[in-house]
Structure formats: C-alpha cells, structure tokens
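# Examination of the molecular architecture
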Number of protein chains: 2
Amino acid sequence: MKLEKGTRSYRDACGTAHALDLIGERWALLVMRELMLGPKRFSDLKADLPGISANVLTQRLDGLEATGLVRRRKLPPPGAVQVYELTDWGYEAEPIVQALGRWATRSPGHDPSLPLSATSLMLSFRTMQDPERVRGLESRIGFQIGAETFVAAIAGGRVRTERGDPTGADTIFTGAPEAIAAAVYGGVPFETLAAQGALMVEGDHALARRFATLFPLPDKAGT
Amino acid sequence: MKLEKGTRSYRDACGTAHALDLIGERWALLVMRELMLGPKRFSDLKADLPGISANVLTQRLDGLEATGLVRRRKLPPPGAVQVYELTDWGYEAEPIVQALGRWATRSPGHDPSLPLSATSLMLSFRTMQDPERVRGLESRIGFQIGAETFVAAIAGGRVRTERGDPTGADTIFTGAPEAIAAAVYGGVPFETLAAQGALMVEGDHALARRFATLFPLPDKAGT
DNA sequence: CGGCATCCGGGAAGATACTG
DNA sequence: CAGTATCTTCCCGGATGCCG
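No experiment lies behind these values; they were computed from the predicted model shown. (Residues numbered from 1 in each chain as written. Chains lettered and ligands numbered in written order. Predicted model: local features only at pLDDT ≥ 70, side-chain atom pairs only at ≥ 80, totals over all residues. Heavy atoms only, no water.)

## Regarding the overall build of chain A
Along the backbone of chain A there are 11 helices and seven strands. Against the 2.2 N^0.38 benchmark of 17 Å for 223 residues, chain A shows a C-alpha radius of gyration of 19 Å, consistent with a compact globule. When its C-alpha atoms are laid out on the principal axes, chain A stretches across 55 × 55 × 35 Å. Taken across its 223 residues, chain A has 49% of its residues classed as buried. Within chain A, contacts between residues at least 6 apart in sequence are counted, and of these 59% link residues at least 24 apart. Roughly 10,200 Å² of accessible area belongs to chain A as shown, and the carbon and sulfur atoms make up 54% of that amount. (Helix = DSSP H or I, 4+ residues; strand = E, 2+ residues; numbered from the N terminus. Rg over C-alpha atoms; globule rule 2.2 N^0.38 Å. Buried < 20%, exposed > 50% of the residue type's maximum accessible area, 1.4 Å probe, protein only. Contact = heavy atoms within 4.5 Å. Areas by Shrake-Rupley, 256 points an atom, 1.4 Å probe, with all protein chains shown as cover.)

## Points about the pattern of salt bridges
Enumeration according to the criterion identifies 28 salt bridges over all chains in this entry. The residue A:Asp62 makes a salt bridge to A:Arg72 at a minimum N-O spacing of 3.1 Å. Highlighted residues: A:Asp62 in helix H4 (residues 54-66) and A:Arg72 in strand S1 (residues 70-74), separated in sequence by 10 residues. The partly exposed category is assigned to A:Arg72, whose relative accessible area is 25%. A salt bridge links B:Arg60 to B:Glu25; its shortest N-O distance comes to 3.9 Å. Here B:Arg60 is found in helix H4 (residues 54-66), whereas its partner B:Glu25 is found in the loop between helix H1 (15-23) and helix H2 (28-35), with 35 residues between them in sequence. On the accessibility criterion, B:Arg60 (12% relative accessible area) is buried. The partly exposed category is assigned to B:Glu25, whose relative accessible area is 46%. (Salt bridge = Lys/Arg side-chain N within 4 Å of Asp/Glu carboxyl O.)

## Thoughts on the protein's contact with DNA strand D
A:Ser43, A:Tyr84, B:Arg26, B:Asn55 and B:Arg60 are the nearest of the 22 residues found near DNA strand D. Close to the protein, within 4 Å, the atoms of DNA strand D are drawn from sugar and phosphate at a rate of 67%. One of the side-chain nitrogen or oxygen atoms of A:Tyr84 is found 2.6 Å away from a phosphate oxygen of DNA strand D. Between DNA strand D and the protein, one listed contact pairs a phosphate oxygen with a side-chain N or O atom of B:Arg60 at 2.6 Å. When contributions to the surface near DNA strand D are tallied by element, the ones reaching two or more residues are helix H3 (42-48), H4 and strand S2 (82-86) of chain A together with H4 of chain B. At four residues, H4(B) tops the list of elements feeding residues into the surface near DNA strand D. Its residues assigned to classes, the surface near DNA strand D comprises six nonpolar, eight polar and eight charged. (Near = heavy atom within 4 Å. Polar contact = N/O pair within 3.5 Å; in protein donor to acceptor, adjacent residues only side chain to side chain. Nonpolar A, V, L, I, M, F, W, Y, C, P; charged D, E, K, R; others polar.)

## Things to note about the interface of chain B and chain A
Counting residues at the interface gives 50 residues for chain B and 49 residues for chain A. Taken together, the two surfaces of chain B and chain A that pack against each other cover about 4,500 Å², and 67% of this comes from carbon and sulfur. By the criterion of area lost to chain A, the three top residues of chain B are B:Tyr10, B:Trp89 and B:Trp103, representing 18% of everything that side buries. Applying the counting rule to chain B against chain A returns four salt bridges. Residue B:Arg33 pairs with A:Asp12 through a salt bridge whose shortest N-O separation is 3.3 Å. In this assembly, chain B and chain A are joined by 18 residue pairs in polar contact (both at pLDDT 80 or more). Residue classes in the side of chain B that touches chain A are distributed as 27 nonpolar, 13 polar and 10 charged. (Buried area = accessible area lost by both parts, 1.4 Å probe.)

## Side note on the relation of the copies chain B and chain A
Superposing the two chain copies requires a rotation about an axis and a translation along that axis. With an RMSD of 0.0 Å, the fit of chain B onto chain A corresponds to turning through 180° and sliding 0.0 Å along the axis. Read as a symmetry element, the transformation amounts to a two-fold axis. Residue B:Ile96, judged by its C-alpha, is the member of chain B lying nearest the rotation axis, at 3.1 Å. Both copies share a contact surface, since 98% of the interface residues of chain B are interface residues in chain A too. (Least-squares fit on C-alpha atoms with pLDDT ≥ 70 in both.)

None of this, on its own, says anything about what the molecule does.
Structure (structure tokens):
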C-alpha cells in the first residue's frame, strides 16, 4: 500500500469530469461492476476480470478505497478471508453501469459472444428487461454458474436479480455465463446448447423459454 | 489520419465493458460532452477542454469518428469551416453523461469552483433540476457566455436548455460559466458577483433569483 | 490561423516472476 | 491466496513544425 502520486485530474468543475477523475482509469468501473452483487475476494475479482493484472487490480482497489467507493472487510471466522465490497456510495454507481451497458448494446461493434462474467450476466437482466414483456409474470428463476448461485425474482412487472440459493426456483439454469447469454441474447435454442453440454435447464421449461424472451436487444445504431 | 493499431479492448461481452472500449479513453467522453449542445470546431473544442493537447484531441476525434459517434461536416459557405458533431447515436450518450454527473456531485472531493465550460453548465441544468421546485414555473432564461448564447426554457415542469438567442428572455445572465455556477450552485449572492464585475443580470431579478434555487446539490456521500 | 503530423519524456498499463 | 517486484510496452501530454 503506497501513497498515491499526483493523480492526473481533469481539474474541471463539471460533475461528469469529476466522475472520470474517480472511476475513469482503466478497469476501475469494471472492478466496481464485479462488486455490484456483493463482496468478493481478490482472486475472484482477478478471475472475473480476464486480462487485468494483479498489480493493476491492486492499484485500482487501493484507489477506490482511498476515494471511498470500496471498503475492505475481514469476514468473521471461520474462513476469515479478506473481501472487498462497495460502500453505499459505490453501489449508487449502478445507474452509470446500466446507462453505459444499455447504450453500448446499440454499437455495431458489440460482440455478445465474447467472454462474460456471471455478475455481468445478472446485471444485464436488470438493465435489458422489457417491462411490457415482464408484465404479469411471477416466478423465481435460479442460476447455477460454476460455484456461484443467483436468483432472478420476477414480480410486480420487474425482474430483480441477486445472489441467492436457487433451490425451490421454478426453473434453474446451469452453465457458463456465455451459454446462458447465447440462449437469452443470441437466440440459440436450449437444445443446441444442451447437446453441447453447455447448458442444463431444470424445472419448468416453458417458463425458461419465456424468460429468454424478456430481454430484447435494441436496434444497432446506423450512422 | 492513420490506421488504428490494435486498440486495447477489454474483450468482454458485457455492454458496460464495450462502452468503455468505445469511450473509455482519456478525454473521449468529455469531447462528446462538449458536442452535446451542437457542432463545434476543433479550436473551440480545444479551448473548452483545458488541458487537452491538440494531438490527443485529434486522436479522439478520429477514434470517435471511426466508431460512428462523431461526424465531421463542412458548413456551407460563407464561413465554410469544418465542424465536428455527434451522430444520433452519439447524442444518445447523454444519459451516461447525466448519470456520471449526478453521481459525482455526491463525491466529497468534488470542487464546484474549478473551471467550467459553458456546455457543462447548461448540461448541469438538465441534470440537476428538481421537478418539485420547477413545477408551475413558465419562463425563458437567457445566457450570454462570452460569444455563446443559450436559452433555458422552463415549461411543463421541466427545464430545457439549448443554444439559442436570448433576446426576449424574461431574464438574462451575462458572465463566465464559473460565475453563474457560483450563483446557482455556490449560493453566492448576485450582488457579490456583480460587484466583482463577474456577473450581470438583466430583466426580472426575482425570476433570476428563483432560477438559482432550482438545482439543489445532493448530500455528500459519507463513507 | 485552423487542423493536423512528428518527435520526445514521463508515467500508467500489461506480462511475468516471485514472496509471505 | 493475496498480493509485490521488475521489466517492457504503449498511451498521454507538451512542443514544434508543416500546410492549406
């Protein structure tokens, strides 16, 4: 842990510019994205951000902690590991992540088949849900992604996603984030993915199929 | 104009990550911010972004043009100068600028007394307006900032800002963006600023005073 | 003068290796 | 597992110069 040097600032009163002073460095906002669904440890952050190097991750976590966006916490024993979590103010950055995500899906250069973290996938359900299509639906969808589990609770015309135990959900998806994304955003049939061993769907298959229609991608920007 | 090299990408299917591929480089989003109220020429962009160097501005404009966010256009003669303007998709990034701006004003490190561009000030009125305080108000506020003019049209419970001729507005502010910001966000009395020659208010002074109360700053984030 | 291209120095990011 | 140390690469910022 060392002292920050003369942090290159925009020196601009505009809030947008100050936001970039805070989270404009490379990887900073993606680190925050990965913490949006709850605390994580260093090695999980590193694994979920392919391409980041350990020293850059250390620098970002130090910087975000110094600005009051991230806090490091020691979990109580047993398993007294150190985790990083967003502060309340850090969690308030979610609208930024959402606005960026929604806007960028209109990019002709956006490639949904690239690698994807489990957190990104769950956040994308928050971002991309279409209220028209969600209306009237009430159910719980479970996700088993590697060792992590999540639940999407559909009620009151909204899809809410969070970490949680999927047992008892109406349907459960098991597979890598990329496979679930292929089904939801790529329109790849479950059977195709199941045949590859990439995806397993348990419980109400009709519900699973309907779930995959709730998140339409916007049109690509033309010129 | 040269070919882009291997642009360092996050290679992540997440929309947020792709957005950062598009506008995550230093200055990129601030260039777009400066174009949000209409086309500008190179030298105006450079002047309104203190600290940017000409070559970086060139690189950003080239990059934004290549990704389809900015277009360069030749104004018809006379005065056939070249200007840069956002594409439709580029203008759709305004919610991002807004979300960043709103969020960052909660930062304890935010200093509203720093330099500010006229565009930033006008956009901040869009971002920070409080519907409760605006309700019932109907008027037109003019701004003369250097050689640029703007109008804030208040109607239907909303403040709309754009470039425009302020003649005939109910009240007109004349001064630097920093002076107007000091009045609106810093609570500095008009008289103080007028005594310094920093601000002039013409027309309905009561309206001007009320206008300055429409944009409350949120509480600072505490841990 | 506006709109760049070129060259240079410093510093941040990326990759790899190493340590408690 | 959670970082640190080192080295290399590349981007950013500043200065200068070209060219319509």
